[in-house]
Amino acid sequence: MIKATKKEHRYLNNTASLYKRIRLIKAVIASVMCASVIYAPLVSATQRIIVNEAQIQVEDQSQRTQQSALKQALRQVIVKLSGSADVLTNPGVRAALSSPQSYLRSYRFGFEDSKTFYIADFDQAKLSSLLQREMLPLWGAVRPETLVWIAEEQGNASRTILDETSPSVLKDTLQATAKERGVPLSLPLMDLTDSVNITSFDVWGRFVEPLKLASSRYATDNIIGARIYKNDASAIPELPENPVPSGTIETLEDAMGNQETGIADANIAADKNQESAFGALSDNANVEKEVNAENDVTSVNVMGDTSGIDETGSIDEINDVESNEVETATAPFTMDEFEAHAKRADEGDYALDWVFIGKSNVSYGSIYGDSPEALAAELVDAYSNYLSSLYAVVGIEAADREVISISVANVGTINSYAKANKYLNNLSVVESATLTQQQGTVATFSVTLLGTVDDFLNALRLESAMKQVTDAYGQKVEALNFYWSQ
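Everything quoted here is computed from the prediction, not taken from an experiment.

Colleague: What is the right way to read the overall build of the chain from this model?
Modeller: Broken down by element type, the chain carries 14 helices and 20 strands. Each of the 486 residues in the chain was classed as buried or not, and the buried ones make up 50%. Summarising the internal contacts of the chain: among those between residues at least 6 apart in sequence, 70% fall at separations of at least 24. With the model as given, the accessible surface of the chain reaches about 23400 Å², and the carbon-plus-sulfur share is 50%.

Okay, structure coming up:
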């Protein structure tokens, strides 16, 4: 064991210089290919998904099988509409599940790869009313898209990046779970452009800047980077001394020094203005807050082990980093992390370490499970809960609902008015929107909200159809003035 360890370290002493050479080669290739490589077109950062449909795999088309599949499909649609599985325990929802036929609009059977699927289409208006009546979260159909980079370590210690085209059980599980939860997830193409921009070493190390650079062509709102490996306490993980060129980054601890961070409550009805790490919202997470008075850092242990947070900052900590202020990276492993893994070898046969890169924060965490597929499903479930906490609207009693007046410019035709009116009334946070005044091309609407004004603004930010007006300095004006861009 000692000889093997020394051999490993002798090899890794060359990691820094090797990494520099890789970066240099990639830069040269990128410059040569600049004029010849055709980049994939940018895609929208959000997608409009079908929230009222579900498909369940069945063995046959018998009446008994249909009844069972119908109930499963309704459960799936309710979770997709709310963004959280917790709503299934609500008495009103349980009553609806006992009579799923009353919410069914149509059904059909689909066939793919010798598999049979029961596909059900439910009445979205009735289900939305149910969730609002029960004061449960309601998540709209427009949802942010996320690009997922996963480096999986195989049995022969080789590491491959999961891509969109290669067949993989792990990929199928990830995409199936995302579809069930109504979360738009995409995987990289790993074509020539991606091969130039990123390596499996970058994904394995969860390096923020390379992930952001390689993801820019996909134009997604959020990025998730992850590594999946066998949770073997006897294995010696890689310990690169300096995996990134010297002088380009600070250590994670230095980057976090004297910087305030916020962690939202795992409750799905938490304050939407807080930034939170999605891993803290996992159903199996045992959240513990610990404030480091010296560095003013808030940490969260998501592994259910309250002793797992150490003074050096292990991968079990979730750290929100203002990425526009400092470039950060974390080594694939540290000795403290390895010791933590050894202590938690009985948590599961496999481990998944993730990094979440949002618009203004970076978060890290780890989960353990019995298979890579189980970890992928758990990751998507936790991420869905996180997005729901940001964008789902919790109902308000009718007497307490707020009525606001908004002005919308560039509404000068009957056609543009009809589109703007339909757009507002289709928002999940809006109960009703009516035109109260028209002056030139500026239309004034009275909008009754099911949630808060912040919920309303969050819903508008997901699309570019109605943009809030800004002043000459790019700051949003205090009044609710908007510009219709369709």
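Colleague: Looking at this structure, how should I read the sheet that holds strand S3 (residues 104–112)?
Modeller: By definition, the strands of a sheet pair up through backbone hydrogen bonds, in either a parallel or an antiparallel sense. Strand order in this open sheet of 3 strands is S2-S4-S3, and the pairing throughout is antiparallel. For this open sheet the edge positions go to strand S2 (53–58) and S3, each flanked by a neighbour on one side alone. Geometrically, the sheet is characterised by an average inter-axis angle of 25 degrees between neighbouring strands, direction not taken into account. As paired elements, S3 and strand S4 (residues 115–122) share 8 bridges and run antiparallel to each other. If you follow Glu-112 over to S4, its bridge partner there is Lys-115.

Colleague: Explain the packing of aromatic side chains to me, please; I cannot follow it from the model alone.
Modeller: For any pair of aromatic rings, geometry is given as the distance between the ring centres together with the angle between the planes. A complete count under the given rule lists 12 aromatic pairs for this structure. Measuring from ring centre to ring centre gives 6.5 Å for Trp-149 and Tyr-218, while their planes differ by 80 degrees; the resulting arrangement is edge-to-face. Within this pair, whereas Trp-149 is found in strand S7 (residues 146–153), its partner Tyr-218 is found in the loop between helix H9 (208–215) and strand S10 (222–230), the two being separated by 69 residues in sequence. Each member of the pair, Trp-149 as well as Tyr-218, carries the same accessibility label: buried. Look at Trp-204 and Tyr-229: their rings are 5.8 Å apart centre to centre, the planes differ by 65 degrees, and that puts the pair in the edge-to-face class.

Colleague: How should I be thinking about the sheet that holds strand S18 (residues 442–449) in this particular structure?
Modeller: The strand order across the open sheet formed by 5 strands is S17-S18-S16-S20-S19, and the pairing between neighbours is mixed. Either end of the sheet is taken by a strand with one partner, and the two such strands are strand S17 (430–439) and strand S19 (466–468). Averaged over neighbouring strand pairs, the angle between their axes works out to 35 degrees when direction is ignored. Sheet topology note: the strand S16 (residues 403–409)/S18 ladder contains 6 bridges and is antiparallel. Across the sheet, residue Val-408 finds its bridge partner in S18, namely Ala-443. Each of S16, S17, S18, S19 and strand S20 (481–484) touches helix H13 (residues 414–426); the most contacted strand, S17, lies at about 150 degrees to it.

Colleague: I keep staring at the nonpolar core and nothing clicks. Help me out?
Modeller: In a soluble, globular protein the nonpolar side chains are often hidden away together inside. Judged by nonpolar contacts, the single largest core of 29 residues is most densely connected at Ile-78, Phe-122 and Leu-127. Taken together, the elements giving at least two residues each to this core come down to S2, helix H3 (63–82), helix H4 (91–98), S4 and helix H5 (124–133). Ranked by residue count, the leading element in this core is H3, at 8 residues.

Colleague: Hey, could you run me through the environment of Val-380 in this one?
Modeller: Within the secondary structure layout, Val-380 lies in helix H12 (residues 372–391). For the pair Val-380 and Leu-174, spaced 206 residues apart in sequence, the C-alpha separation works out to 7.1 Å. The residues touching Val-380, leaving out its near neighbours within four places in the chain, are Leu-174, Thr-177, Ala-178 and Leu-185.

Colleague: Explanation requested: the pattern of salt bridges in the structure shown.
Modeller: A pair can form between side chains of opposite charge whenever their charged atoms are brought close. Evaluation of the coordinates by the stated rule reveals 10 salt bridges. Here Arg-401 makes a salt bridge to Glu-431, at a shortest N to O gap of 2.8 Å. Here Arg-401, found in the loop between strand S15 (393–394) and S16, pairs with Glu-431, found in strand S17; they are 30 residues apart in sequence, far enough to count as distant. Overlapping salt bridges bring together Asp-191, Asp-194 and Arg-217 as one network.

Colleague: Explain the side chain of Gln-76 here, please?
Modeller: By the secondary structure assignment, Gln-76 is in helix H3. Beyond its immediate chain neighbours, meaning those up to four positions away, Gln-76 contacts Ala-54, Gln-55, Ile-56 and Glu-180.

Colleague: Please clarify how the confidence of the model for the chain should be interpreted in this entry.
Modeller: Atom-level detail of predicted coordinates should not be read off regions where pLDDT is low. Model confidence for the chain is summarised by a mean pLDDT of 74, while 67% of its residues fall at 70 or above. Across the chain, the secondary-structure element scoring lowest on mean pLDDT is helix H10 (residues 252–256), at 30, and the one scoring highest is S4, at 96. Counting interchain partners and residues more than four positions distant, the pLDDT-below-50 stretch residues 24–44 has 22 contacts. Low pLDDT, under 50, characterises residues 239–277; the predicted model gives this stretch 96 contacts beyond four residues in sequence or across chains.

Colleague: For this particular structure, what's the right way to read the pairing of S18?
Modeller: Side chains on a regular strand alternate between the two faces of the sheet. Counting buried positions along S18 gives 6 out of 8 residues, so the element sits mostly inside the fold. One ladder, built from 8 bridges, connects S17 with S18; its direction is antiparallel. Note that in S18 the partner of Ala-433 across the bridge is Val-447. The antiparallel pairing of S17 with S18 creates a hairpin that spans 2 residues between the two strands, and Gly-440 there sits at a positive phi of about 65 degrees.

Calculation rules
Residues numbered from 1 in each chain as written. Predicted model: local features only at pLDDT ≥ 70, side-chain atom pairs only at ≥ 80, totals over all residues. Heavy atoms only, no water. Helix = DSSP H or I, 4+ residues; strand = E, 2+ residues; numbered from the N terminus. Buried < 20%, exposed > 50% of the residue type's maximum accessible area, 1.4 Å probe, protein only. Contact = heavy atoms within 4.5 Å. Areas by Shrake-Rupley, 256 points an atom, 1.4 Å probe, with all protein chains shown as cover. Pairing = 2+ DSSP bridges. Axes fitted to C-alpha atoms, helices over the stretch in contact; angles between N-to-C directions. Phe/Tyr/Trp six-rings, centres within 6.5 Å; stacked < 30°, edge-to-face > 60°. Core = buried A, V, L, I, M, F, W, Y, C linked by side-chain atoms within 4.5 Å. Salt bridge = Lys/Arg side-chain N within 4 Å of Asp/Glu carboxyl O. pLDDT = per-residue confidence, 0-100.

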